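So the chains spell out like this:
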Amino acid sequence: MISAGAQRYRRLTFSTALRHLVLVVFMLVILVPLAWVLLLSIKSIPDAYRPGFWPQHFDFSHYTYAITNIPTLARNMLNSVLVTTGTVVITTVCAVLGGYALVHLAMPGRALVLGMLVASMFFPTRVTSLIAIFEIQRGLGLINTTAGLILPYVTLNLALSVFIMRGIFEQISHELVDAARIDGAGAWRTLLTILLPLTRNGIVVVIIVNFVTAWGEYLLAITLTNDQEVRTLPVVLASAFGGMGAWAWPRIAAVYVMAIAPGLAAFTLTQRWYMRGLQEGALKY
C-alpha cells in the first residue's frame, strides 16, 4: 500500500514534469524556426533545396552577397538603430513621468486620462489612423525622413507603456512617497532619488517592449518613407524578398539573421531584469 507521502510526491513529480514538458514544447516552437533560418543562411544553395535540417556544405558568402547587393544595407541598419533608440528613450521617459503622475501626484482629471488611454488601446491604431498619421507627418514636413518615424512610433506605443509603469508605481507604498515629502523632497527629487531605483525592472520591461515594437515595425515605415536610403531594416528585408529580383533562400535568410540579431542580443543582455519586472513588479517586499 502506497503511503500518503509517496502519493503526494508522485503527484508533485508528475505536475512538475508536465510543466517542464509544456515549457519545452513552447521553447521548441520558438527556437526551431530560428535555428532553421540560421542554418539556412550558411547552407550552400544546392543544400538549401535538398531535404534535411543540417547543411552538408557550409557557405558564409551569403552575408557578403547581401551586403554587396544591397548598397544601403549599412545605412538602413543605422536608420533602424537611430529610430529605435529615439523611440525607446522618449517613450520610456514619457511613460515613467505619466505613470508617476497618475499614481503619486494629485492630478485633476486622472480618471479622464485613464479612460482615454484605455479607449486608445481598443483600436488597431496603425490601421485606422494611417491616413491621419500621414497627413500630420506631411504637414510637419517629416515625410521621407528617418527621424520622422520616431514621433508616430512614440505615439502608438505610449498608452501601453504608461499602463505598464502605472502598474509598477502602484506597487510602491504611498507612505514612502509621503515620508519623502515630509522630509522636504519635491516631486522631482522623490521620483529621481527614491522611486526610480525601485522601478528599474519595470523600466527594463518598457524598454524591451518598445525596442521590439520599433525595431520590427513595417507598415508605418514603408508608408512614411519613399527612398531606400531613409528606410529601416524591416522594409529593406521585405524588398529584398520581393522587389530586388529572385534571391535564393540562403541569401534571404542571411538578411533576416542580420535583421533579428540586434533584438536577440538586446533581449539576451536584459532578460534577467525583464523577467523580474514581469514577475515581481520591480519591487520585492
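It should be noted that the structure appears before, not after, this text.
Let us look at the structure shown here.

Quick notes on the rules
- Residues numbered from 1 in each chain as written.
- Predicted model: local features only at pLDDT ≥ 70, side-chain atom pairs only at ≥ 80, totals over all residues.
- Heavy atoms only, no water.
- Helix = DSSP H or I, 4+ residues; strand = E, 2+ residues; numbered from the N terminus.
- Buried < 20%, exposed > 50% of the residue type's maximum accessible area, 1.4 Å probe, protein only.
- Salt bridge = Lys/Arg side-chain N within 4 Å of Asp/Glu carboxyl O.
- Phe/Tyr/Trp six-rings, centres within 6.5 Å; stacked < 30°, edge-to-face > 60°.
- Core = buried A, V, L, I, M, F, W, Y, C linked by side-chain atoms within 4.5 Å.
- Contact = heavy atoms within 4.5 Å.
- Axes fitted to C-alpha atoms, helices over the stretch in contact; angles between N-to-C directions.
- Parallel < 35°, antiparallel > 145°, perpendicular 65-115°, else oblique.
- Nonpolar A, V, L, I, M, F, W, Y, C, P; charged D, E, K, R; others polar.
- Polar contact = N/O pair within 3.5 Å; in protein donor to acceptor, adjacent residues only side chain to side chain.

Quick look at the overall build of the protein chain now. Counting secondary structure elements, the protein chain contains 14 helices and 0 strands. When burial is assessed residue by residue, the protein chain has 37% of its 285 residues classed as buried.

Turning our eyes to something else, we now look at the pattern of salt bridges. Counting across every chain of the model gives 3 salt bridges. Between R166 and E170 there is a salt bridge, and its shortest N-O distance comes to 3.1 Å. With R166 and E170 both in helix α8 (residues 150-170) and 4 residues apart, the pair spans about one turn of that helix. Across the pair D178 and R181 runs a salt bridge whose closest N-O atoms are separated by 3.7 Å. One end of the pair, D178, and the other, R181, are both in helix α9 (residues 174-182), 3 residues apart, so they sit about a helical turn from each other. In this structure D178 comes out as partly exposed when scored by relative accessible area, which is 37%.

Further remarks concern the packing of aromatic side chains. Inspection of every chain in the model, using the stated rule, returns 3 aromatic pairs. Plain terms: the ring middles of Y100 and F169 are 5.9 Å apart, the flat faces sit at 50 degrees to each other, and that makes the pair tilted. With Y100 in helix α4 (residues 73-104) and F169 in helix α8, this residue pair connects regions lying 69 residues apart in the sequence. Classification of Y100 by relative accessible area gives buried; the value is 4%. Look at F169 and you get buried, because its relative accessible area is 0%. Note on F211 and W215: the rings are 5.8 Å apart at their centroids and 10 degrees apart in plane angle, and the pair reads as stacked. Placement of the pair is F211 and W215 together in helix α11 (residues 200-215), with a separation of 4 residues, close to one helical turn.

This brings us to unusual backbone geometry. If a residue is not glycine, its phi is most likely negative; likewise, a peptide bond is most likely trans. For N144, which is not glycine, the phi dihedral falls at a positive 65 degrees. By the element assignment, N144 lies in the loop between α7 (130-139) and α8.

Membership of the largest hydrophobic core comes to 21 residues, with the highest contact counts inside it found for Y63, I70, L73, L233, V255 and M258. Listing elements by their share of this core, those giving two or more residues are α1 (4-40), α3 (61-69), α4, α11, α13 (233-242) and α14 (249-280). Here the element with the most residues in this core is α14; it accounts for 6 residues. Here M258 is in contact with Y63, A66, I67, L73, M77 and L233, once residues within four sequence places are set aside. Counting 18 residues, the second largest nonpolar core, distinct from the first, contains A95, V177, I203 and V206.

The subject of this paragraph is the packing of α4 against helix α10 (residues 187-198). Where α4 meets α10, the axes come as close as 12 Å, and the angle between the chain directions of the two elements is 105 degrees. When the interaxial angle is binned, α4 and α10 end up roughly perpendicular. The segment α4 lies against α10, with V96, L97, Y100 and H104 engaging A187, W188, T190, L191, L195 and L196. Looking at side-chain class alone, the contact of α4 with α10 contains 8 nonpolar, 2 polar and no charged residues.

Moving on: the side chain of T92. Relative to the helices and strands, T92 is located in helix α4. Only 2.6 Å separates the side chain of T92 from the backbone oxygen of V88, close enough to count as a polar contact. Residues within four places of T92 in sequence aside, it is in contact with I203, V206 and I207.

All right, on to the environment of V257 then. Following the sequence through the fold, V257 ends up in helix α14. On the basis of relative accessibility, which here comes to 15%, the residue V257 falls in the buried class. When sequence neighbours within four positions are dropped, the list of residues in contact with V257 reads V37, L38, S41 and Y63.

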